[in-house]
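A closer look at the structure
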Amino acid sequence: KLIEDYDLYRYDTAKGRKKSDKQPAHISRYTVYRTNGLLYVYSNGKDSFDDIAASLGFRVKDLKKYNEVPEDFPLQKNDIVYLEKTSRIMTMSYR
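Following the criterion strictly, the structure yields 4 aromatic pairs and no others. Ring centres of tyrosine 33 and tyrosine 40 lie 5.8 Å apart, and the angle between their planes is 25 degrees; on these two criteria the pair is classed as stacked. By relative accessible area, tyrosine 40 is classed as buried at 10%. Judged by centre distance (6.1 Å) and plane angle (65 degrees), the ring pair of tyrosine 40 and tyrosine 82 falls under edge-to-face. Of this pair, tyrosine 40 sits in strand E2 (residues 38-42) while tyrosine 82 sits in strand E3 (residues 80-82), and the two are 42 residues apart along the sequence. Taken as a pair, tyrosine 40 and tyrosine 82 share a single burial class, namely buried.

Structure below.
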């Protein structure tokens, strides 16, 4: 699933596969984690939703919606930023 979600097949150069003529994606400075089926990154304390969205190819509006935060929400060091919609029950149980 991760391969399809992040188009990782673009980096596959094994024999029998053609190299893609597309430009390789920008490599992100964030490590993407998966726990309980949810993708997320940790904030480093200096970045914003704008930084994370630009680095990983998301829309800021979507990240804020996934994380259920207001427009002006500041990220702090080690805040979890979800990269996909979370179950409302799940997010309430972990807060």
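Once the structure has been displayed, the description carries forward.
To continue, consider the pairing of E2. Within E2, 4 of the 5 residues are buried, which leaves the element mostly enclosed by the surrounding structure. Of the strand pairs in this sheet, strand E1 (residues 33-35) and E2 are connected by 3 bridges, and their pairing is antiparallel. Bridged to arginine 34 within E2 is leucine 39. As consecutive antiparallel partners, E1 and E2 are separated by 2 residues, and within that stretch asparagine 36 has a phi angle of approximately 50 degrees, a positive value. Summarising the sheet, E2 and E3 pair through 3 bridges and their orientation is antiparallel. Note on E3: the bridge partner recorded for tyrosine 40 is tyrosine 82.

An α-helical turn contains 3.6 residues, so any two residues separated by three or four positions project in the same direction. All of the buried residues in helix H2 (residues 49-56) are Phe49, Ile52, Ala53, Ser55 and Leu56. Mapping the buried residues of H2 onto a view down its axis gives an arc of 170 degrees, with all of them on the same face. Taken together, the buried residues of H2 touch E2, helix H3 (60-66) and E3. Residue glycine 57 follows H2 closely and has a positive phi angle near 80 degrees.

Here is what the cut-offs are and how they apply
Residues numbered from 1 in each chain as written. Predicted model: local features only at pLDDT ≥ 70, side-chain atom pairs only at ≥ 80, totals over all residues. Heavy atoms only, no water. Phe/Tyr/Trp six-rings, centres within 6.5 Å; stacked < 30°, edge-to-face > 60°. Buried < 20%, exposed > 50% of the residue type's maximum accessible area, 1.4 Å probe, protein only. Helix = DSSP H or I, 4+ residues; strand = E, 2+ residues; numbered from the N terminus. Pairing = 2+ DSSP bridges. Arc of directions from axis to C-beta. Contact = heavy atoms within 4.5 Å.

Note that every value here comes from positions in space, so none of it alone points to a role or purpose.
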